[in-house]
Amino acid sequence: MMGSSHALSGAAVWLTGSLALDQLGHFHQTPLQLTVGTAICAGGALVPDLDLSGRVTRRQGGATVAHTFGVFSLFLAECVEKFSLGVYKLTRMKYDPPRHNGHRTLTHTIIFNVGVGYGTLALCNAYGKWAVMGVLFFSFALALRGLFEKWAERAGWLIVTLASAAAAFLVYERLPGDRGYPLLGVAVGVGGLIHLLGDMITRHGSPILWPIPTGRRMWRCFGLPHSVALTAGDKTETVFLRTVFATVAIFAGAVLLAPVLMDRFNIQL
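Calculation notes
Residues numbered from 1 in each chain as written. Predicted model: local features only at pLDDT ≥ 70, side-chain atom pairs only at ≥ 80, totals over all residues. Heavy atoms only, no water. UniProt positions renumbered as here; feature names shortened; annotations may be inferred. Helix = DSSP H or I, 4+ residues; strand = E, 2+ residues; numbered from the N terminus. Patch = residues over 30% accessible without salt bridge, like charges linked within 9 Å, V, L, I, M, F, W, Y side chains within 5 Å. Areas by Shrake-Rupley, 256 points an atom, 1.4 Å probe, with all protein chains shown as cover. Salt bridge = Lys/Arg side-chain N within 4 Å of Asp/Glu carboxyl O. Buried < 20%, exposed > 50% of the residue type's maximum accessible area, 1.4 Å probe, protein only. Expected span 1.5 Å × (residues − 1). Contact = heavy atoms within 4.5 Å. Arc of directions from axis to C-beta. Polar contact = N/O pair within 3.5 Å; in protein donor to acceptor, adjacent residues only side chain to side chain. Core = buried A, V, L, I, M, F, W, Y, C linked by side-chain atoms within 4.5 Å.

## Quick notes on the UniProt feature "transmembrane region" (unreviewed entry) in the chain
Then step 1. Following the UniProt record, the feature "transmembrane region" (unreviewed entry) maps to residues 155–175, 181–198 and 239–262 here.
Then step 2. Along residues 155–175, the helical share is 90% and the strand share 0%, with 28 Å between the first and last C-alpha atoms.
Then step 3. Helix makes up 94% of residues 181–198 and strand 0%. Its end C-alpha atoms lie 27 Å apart.

## Brief notes about a nonpolar patch on the surface
Then step 1. A cluster of nonpolar side chains, contributed by L147, F148, W151, L158, I159 and L162, occupies part of the molecular surface with about 560 Å² of accessible area.
Then step 2. Ranked by residues supplied to the nonpolar patch, first place goes to helix 7 (residues 157–174) with 3 residues.
Then step 3. One can find L147 in helix 5 (residues 129–147).
Then step 4. Its relative accessible area of 30% is what places L147 among the partly exposed residues.

## What about helix 5?
Then step 1. The terminal C-alpha atoms of helix 5, which comprises 19 residues, lie 26 Å apart, in line with the 27 Å expected from a rise of 1.5 Å per residue.
Then step 2. Residues of helix 5 that are buried include every one of A131, V132, M133, V135, L136, S139, F140, A141, L142, A143, R145 and G146, and no others.
Then step 3. The secondary structure elements touched by the buried residues of helix 5 are helix 1 (3–24), helix 2 (31–44), helix 4 (110–127), helix 6 (149–155), helix 7 and helix 8 (182–200).

## Considering helix 7
Then step 1. Relative to the 26 Å expected for 18 residues at 1.5 Å per residue, helix 7 spans 26 Å between its end C-alpha atoms, a close match to the ideal helical length.
Then step 2. Among the residues of helix 7, those classed as buried are V160, T161, S164, A168, V171 and Y172. Axial view of helix 7: buried residues confined to an arc of 110°, hence all on one face. Facing away from the buried side of helix 7 by over 90 degrees, the exposed positions are L162 and R174.

## Here we look at the side chain of R104
Then step 1. Mapped onto the secondary structure, R104 falls in the loop between helix 3 (71–91) and helix 4.
Then step 2. Only 3.2 Å separates the side chain of R104 from the backbone oxygen of G205, close enough to count as a polar contact.
Then step 3. Setting aside residues no more than four positions away along its own chain, R104 makes contact with M1, D51, D199, T202, H204, G205 and P207.

## Comments concerning the nonpolar core
Then step 1. If you look at the biggest cluster of nonpolar residues, it comprises 37 residues, and the most contacted ones within it are V36, I40, V132, L136, F140 and L184.
Then step 2. Elements supplying a minimum of two residues to this core: helix 1, helix 2, helix 3, helix 5, helix 7 and helix 8.
Then step 3. Among the elements that make up this core, the one with the highest residue count is helix 5 (8 residues).
Then step 4. Apart from the residues within four sequence positions on either side, I40 is in contact with L136, S139, F140, L184, A187 and V188.
Then step 5. Judged by nonpolar contacts, the second largest core, of 12 residues, contains M1, L8, L34 and L241.

## Focus: unusual backbone geometry
Then step 1. Residue P211 follows W210 across a cis peptide bond; omega there is 10°.
Then step 2. Mapped onto the secondary structure, P211 falls in the loop between helix 8 and helix 9 (235–264).
Then step 3. You will see that H26, though not glycine, has its phi angle at about 55°, which is positive.
Then step 4. Take H26: it is sitting in the loop between helix 1 and helix 2.
Then step 5. Given the relative accessible area of 60%, H26 is considered exposed.
Then step 6. Positive phi, close to 60°, is recorded for R104, a residue that is not glycine.

In structure tokens, the structure reads:
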């Protein structure tokens, strides 16, 4: 899947899940908490593609997420890609094919994305304010890059960076409750797992079960059969799926925010 599709799917899943928790579990969130969770889940849904690097010096190629902070994120993606490739080569079994890049390897596993979510939670609990602001800043930047890709390309990485930094500071000062915010880690982890599901409906699939060997392979990719799988970037994804994700997100968000707006403007049905 393309970056915008991943980000939209993360936003749609978070809003839908929040609606289910609100209706069935009476777990209510303020509009600000809901917005933050949605943005972080959308940004988290781009994290696995940090293993798709481009040409750092030319600022070309690479995944959507790799261009978030210009040359800095391209360099980070290059490091993640090389590390992922190294892990692949060290752990591959006889029937795992040789690879020359690390895309869709380590960062496309369940254990990695659960670990990133838990690590985010642990980081925020251990270091408080600055860790929380750092997570907000990084996630907001990824969400802007994914959800508003064309605007982000026109604005440039510096504007995206400054906007994300300002939003992180303002949001942090207004979030209620404990400064650990457990939902931050949950949102990042859920976003990453949604990314895996998105890639599993494409022809390549994802090696989600690593490091559990399946048959004679350690890095077996799981996904839909080629006869029904999507081709990344085709119209089924960029038109149909994105429309579905956007519609679901808007509907769930509207249902969640409607009572708040009606109460604020004293509207009764």
